[in-house]
Amino acid sequence: MGAQAQSIDGGSVNLSGNSITSAATGNAASSAIASGKNAAAFNATAALASQQSNYGSTVQAITGPSVVGVISGTENGTNNDSTVTVGGNRTAATAYGSSVSQSLSLEANALPLSGGVVVLAGGSTPDGNVLASGAASISNLQGNYAGAVSAANAGSIVGIAADSRGTGGDTIKASTFTVTGNTQEAVAVSNSAGNALSLTGTTVGSGAGVANVQVVDGNSPVQAQLLGSTATAYLGTHTTDSTVSLTNNLQRAVGYGNSASNTLNVAANSANVAAVGVPASTVVPGGGTVVAGYGVLSNQTALGDVTASASGSALPVGALQVLVEGNVTRGTVTNEGNAFVGAAYGNDVTNGAKLALGSGVTTAGFSSVANVTNLQNVAGDISASASGGSVVRTNIEDNLAASSVSTSNNQIQALANGNRAGGNTLAVTGNTLSNVNTGVPRQGASSNGPVLMTDAAFSVQNVQTGSGSVTASQLEGAPGALTAAQVRTAIGGSVTGSTVVSNGNSSSAVATSNSATNGLTLAGNAIASSSALQNSQATSADVNALIGLAGTPGSPGRRPRRSPSTQQAQAWPGTSRTARSP
């Protein structure tokens, strides 16, 4: 896909907003219930439930080789006062084992509901199971058993190739070439879910919650590969008074075992919550239970391997490259803000509950008003790589005069996470937050062997276990790697009256078995309540982050011999010098 112009003189070519993609999905669903607006009352129950399974089913997406680009100035053509842009294009391969989106939105002046409390439960043994019992609830159950999910984007070329060999000589003059905002990616996900529940009214009752369970067994690998791809701005000859830039392009390979977003939002002047005397959440091996006025429960299990690899181009150019085969005079060369990423996640989730209550919440007795609980277990090998030698490269083959060159603010990332909870948060605001204690002491957060519990009016619980291995690498062919991912600028000739900078680039390899961001916020003018936040993380995983290569051992060298009439410089041991005329 592209455009070709033999010559451009005072003209422009813009190749933008194009896509070359492949997509494969085992199961896909989208469900929504909305009560409408400006209703006087809603006194009923509502529920959404989804179950998706892949048994022995392979899901695969392959894209490439592909080209999205502009060629100009070929076949003795010219580029003079030309403007060429390749921007906002996308090549992608995406594969999903199961994908679901569920939304339940209830709005009325009076929204009493009728459930009192919500009971949420879910586990992974002997098979995945889920329960959501309440006046307003969403439940999701996804399982992938003996089913591989893979996405590969290979040989993707995005960019510009410009030359000038015709009338006026072999120099590109007064022209602008831009490659910006393009995406080249491979994304593979075994299970993906988005669950959102919202309640809006003047007075709102309780008994609302979200339960999410996702299971990937040990015979269901996930693989995402971005191979031999490049985003390039290439000029095949000298340039004068011209600008060439490669900016804000993204190349990535991303793999997930389980991915989910679960949200519960309540906006009301006041909330009436039934008395709930039992603990808010209980976690035992393989499962958990939430009993509260408002609750979110997520349980993810990933036993299969997840691999994501982004490898630099196998072509003569780098993955993200600006190449000028000649002199640059009074010009600007920019290679900035690009990203090259390999990221793998066993389990990834964000759980959030927000209660915005004007006058607040008051209960006749103690109540487990709101709880957010997250469980994650990973046991496969999670591996992410971003490699390929000079991944981000700026090359000027000859001389640089009265010009500027910048290779800056680029990122190379290899990110591997066994379990990641980007947010387990509960935020409650109201004028008065009051729960009268029945005289029975609350346990707060407690653990008894493998049993973990929160027992408070407002609580957040996170439990993560990891095994297998987690590896993030920027090395090519590790172990025994010969190359590592690099950001490099090379000027082949002389540099006069010019600036060459390479600032703000980052290169990182990060491997984490368990990570979580937990938060519990209570804000009001009068608070007479209890709260608990429990975090439990355990891992036996082999965790490795690999970046960079060992340096070359130093040499002691030898002092040059000097005499009044002669001066001789000796080469380092094992090397030689050859004189070169200016």
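Residues numbered from 1 in each chain as written. Predicted model: local features only at pLDDT ≥ 70, side-chain atom pairs only at ≥ 80, totals over all residues. Heavy atoms only, no water.

*Asks:* When you look at the overall build of the protein chain in this model, what are you seeing that I'm missing?
*Replies:* Helix and strand counts for the protein chain stand at zero helices and 53 strands. Counting only C-alpha atoms, the protein chain reaches 100 × 60 × 55 Å along its principal axes. Within the span of the protein chain, comprising 582 residues, buried residues form 51% of the whole. Carbon and sulfur atoms provide 49% of the accessible area of the protein chain, an area that totals close to 22,900 Å². Put simply, the protein chain has 17 plus and 20 minus side-chain charges, and the middle of one group is 15 Å from the middle of the other. (Helix = DSSP H or I, 4+ residues; strand = E, 2+ residues; numbered from the N terminus. Buried < 20%, exposed > 50% of the residue type's maximum accessible area, 1.4 Å probe, protein only. Areas by Shrake-Rupley, 256 points an atom, 1.4 Å probe, with all protein chains shown as cover. Lys, Arg positive; Asp, Glu negative; His and termini not counted. Charge placed at Lys NZ, Arg CZ, Asp CG, Glu CD.)

*Asks:* Can you help me understand the pattern of salt bridges in this one?
*Replies:* Evaluation of the coordinates by the stated rule reveals five salt bridges. Across the salt bridge formed by E185 and R90, the nearest N and O atoms sit 2.8 Å from each other. Here R90 lies in strand β10 (residues 90-107) and E185 lies in strand β19 (residues 183-204), a separation of 95 residues in the sequence. Residue E185 is classed as buried on the basis of its relative accessible area of 6%. Here the salt bridges share partners, and the residues they tie into one network are R90, E185 and R252. (Salt bridge = Lys/Arg side-chain N within 4 Å of Asp/Glu carboxyl O.)

*Asks:* I would appreciate a short explanation of the sheet that holds strand β52 (residues 531-539) in the present structure.
*Replies:* Within a sheet, neighbouring strands are paired by backbone hydrogen bonds and run either parallel or antiparallel to one another. The strand order across the open sheet built from seven strands is β5-β14-β20-β28-β34-β43-β52, with neighbouring strands paired in parallel fashion. The sheet is open, and its two borders are formed by β5 (46-55) and β52, each paired with just one other strand. Averaged over neighbouring strand pairs, the angle between their axes works out to 0° when direction is ignored. (Pairing = 2+ DSSP bridges. Axes fitted to C-alpha atoms, helices over the stretch in contact; angles between N-to-C directions.)

*Asks:* Looking at this model, I keep getting lost on the environment of S309. Mind explaining?
*Replies:* Counting through the fold element by element, S309 comes out in strand β29 (residues 306-311). Residues S309 and L226, spaced 83 residues apart in sequence, show a C-alpha to C-alpha distance of 6.3 Å. Not counting residues within four places of it along the chain, the set of residues in contact with S309 comprises A224, Q225, L226, A253 and S385. (Contact = heavy atoms within 4.5 Å.)

*Asks:* It is not clear to me how the sheet that holds strand β26 (residues 281-284) should be interpreted in this structure. Could you clarify?
*Replies:* Spatially, six strands are ordered β13-β12-β27-β26-β42-β41 in an open sheet, and the strand pairing comes out antiparallel. Whereas interior strands pair on both sides, the edge strands pair on one side only; in this sheet they are β13 (129-133) and β41 (444-448). Across the sheet, the mean angle from the axis of one strand to that of its neighbour is 5°, orientation sign disregarded. Bridge count for strand β12 (residues 118-123) against β13 is five bridges, and the pairing is antiparallel. Within β13, the residue paired with G123 across the bridge is N129.

*Asks:* Whenever I open this one, the packing of aromatic side chains confuses me. Can you help?
*Replies:* How two aromatic rings sit relative to each other is given by the distance of their centres and the angle of their planes. Within this structure, the stated rule accounts for two aromatic pairs. With centroids separated by 5.1 Å and ring planes inclined at 15°, the aromatic side chains of Y55 and Y145 adopt a geometry described as stacked. One end of the pair, Y55, is in strand β5; the other, Y145, is in strand β14 (residues 136-145), and 90 residues separate them in sequence. Ring centres 4.8 Å apart and planes at 15° place the aromatic pair Y256 and Y345 in the stacked group. Pair noted here: Y256 is in strand β25 (residues 250-272) and Y345 is in strand β33 (residues 339-363), with a separation of 89 residues, a long-range link. Using a relative accessible area of 6% as the deciding quantity, one classes Y345 as buried. (Phe/Tyr/Trp six-rings, centres within 6.5 Å; stacked < 30°, edge-to-face > 60°.)

*Asks:* What's the story with the nonpolar core in this structure? I'm lost.
*Replies:* Across soluble globular proteins, nonpolar side chains have a tendency to be buried as a group. Within the largest apolar cluster, 62 residues are counted, with the highest numbers of intra-cluster contacts made by F177, V244 and F340. When residues no more than four places from it in sequence are discounted, the contact partners of F340 are Q251, A310, S311, G312, A319, L320, A386, S387, V391, Q411, I412 and Q413. Within the second largest apolar cluster, 36 residues are counted, among which are L106, L111, A135 and L264. (Core = buried A, V, L, I, M, F, W, Y, C linked by side-chain atoms within 4.5 Å.)

*Asks:* Would you take a moment to explain unusual backbone geometry for this structure?
*Replies:* Excluding glycine, most residues fall at negative phi; most peptide bonds, likewise, are trans. The omega angle of the peptide bond from G64 to P65 is -5°, so this bond is cis rather than trans. The backbone phi angle of N38 is positive, close to 65°, even though this residue is not glycine. For N76, which is not glycine, the phi torsion reads 65° and is therefore positive. Mapped onto the fold, N76 is located in the loop between β7 (66-72) and β8 (79-80). On the basis of relative accessible area, N76 is assigned to the exposed category, the value being 60%.

*Asks:* Would you take a moment to explain the confidence of the model for the protein chain for this structure?
*Replies:* Detail in the predicted coordinates should be disregarded across regions flagged by low pLDDT. Here the protein chain averages 91 in pLDDT, while 92% of its residues score no lower than 70. A low-confidence stretch, residues 562-582 (pLDDT under 50), is modelled with 12 contacts involving residues beyond four sequence positions or located in other chains. (pLDDT = per-residue confidence, 0-100.)

*Asks:* Looking at this structure, I do not really get the side chain of N153. What am I missing?
*Replies:* Tracing the chain through its elements places N153 in strand β15 (residues 149-154). In this structure N153 touches T63, T91, A92, A93, Q184, E185, A186, Q225, L226, L227 and S229, once residues within four positions along its chain are discounted.

*Asks:* How do you make sense of the side chain of T230 when you look at a structure like this?
*Replies:* Relative to the elements of secondary structure, T230 occurs in strand β22 (residues 230-235). The buried category is assigned to T230, whose relative accessible area is 2%. Within the local environment of T230, its side chain forms a polar contact with the side chain of T232, the two groups lying 2.5 Å apart. (Polar contact = N/O pair within 3.5 Å; in protein donor to acceptor, adjacent residues only side chain to side chain.)

*Asks:* Is there a simple way to think about the environment of V86 in this case?
*Replies:* Relative to the helices and strands, V86 resides in strand β9 (residues 83-87). Owing to a relative accessible area of 0%, V86 belongs among the buried residues under this scheme. Sequence spacing of V86 and V70 is 16 residues, and the spatial spacing of their C-alpha atoms is 7.3 Å.

*Asks:* When you look at the pairing of strand β32 (residues 332-336) in this model, what are you seeing that I'm missing?
*Replies:* Note on strand geometry: in a regular strand, side chains alternate between the two faces of the sheet. Looking at chain direction, strand β24 (residues 243-247) and β32 are connected through five bridges and run parallel. The partner of T247 across the bridge, within β32, is E336. Strand direction decides the pairing type here: β32 and strand β38 (residues 404-408), joined by five bridges, are parallel. Its bridge partner lying in β38, V333 is registered against V405.

*Asks:* Explain the environment of A34 here, please?
*Replies:* Relative to the helices and strands, A34 resides in strand β4 (residues 19-34). Classification of A34 by relative accessible area gives exposed; the value is 63%.

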